[in-house]
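Structural characterization, general
Chain residues, written in single-letter form:
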Amino acid sequence: MFSFLKSDPLKKLNKEYGELLEKAMQAQRGGDIRLYSELTEQAEAVKAKIDELKK
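A short tour of the structure in this document, coming up. The model shown is predicted, which means the values in this text are computed figures rather than measured ones. (Residues numbered from 1 in each chain as written. Predicted model: local features only at pLDDT ≥ 70, side-chain atom pairs only at ≥ 80, totals over all residues. Heavy atoms only, no water.)

1. Observations concerning helix H2 (residues 33-54)
Taking 1.5 Å of rise per residue, the 22 residues of H2 would be expected to cover 32 Å, and the 31 Å separating its terminal C-alpha atoms lies within 8% of that figure. The complete set of buried residues in H2 reads Leu39, Ala43, Val46 and Ile50. In an axial view of H2, the angular spread of the buried residues amounts to 60°, which keeps them on one side of the axis. Among the exposed residues of H2, those oriented more than 90 degrees off its buried face are Ile33, Arg34, Glu41 and Glu52. (Helix = DSSP H or I, 4+ residues; strand = E, 2+ residues; numbered from the N terminus. Expected span 1.5 Å × (residues − 1). Buried < 20%, exposed > 50% of the residue type's maximum accessible area, 1.4 Å probe, protein only. Arc of directions from axis to C-beta.)

2. Considering the nonpolar core
In this structure, Leu13, Tyr17, Leu20, Ala24, Ala27, Leu39, Ala43, Val46 and Ile50 together form the largest nonpolar core, which totals 9 residues. Only helix H1 (9-29) and H2 provide two or more residues apiece to this core. Among the elements that take part in this core, H1 stands out by supplying 5 residues, more than any other. Among residues more than four places away in sequence, those in contact with tyrosine 17 are Ala43, Glu44, Val46, Lys47 and Ile50. (Core = buried A, V, L, I, M, F, W, Y, C linked by side-chain atoms within 4.5 Å. Contact = heavy atoms within 4.5 Å.)

See the structure below:
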C-alpha cells in the first residue's frame, strides 16, 4: 500500500556510481592516477551490485 514511501536501492546505487565516476574523472584530470584507479575500482564494484539487482 505504501510502496511509494520505500527508497529504491537501485536509484541510490546509480547515484553513487555516477558520483564515483565523476570523482574519478576529476582525479584523472588533476593528475592523480592512483586515486583515479581506486575510485574506478569502487565504481566497478557498485556497477556489479547494480547488475545483480537488475537480474
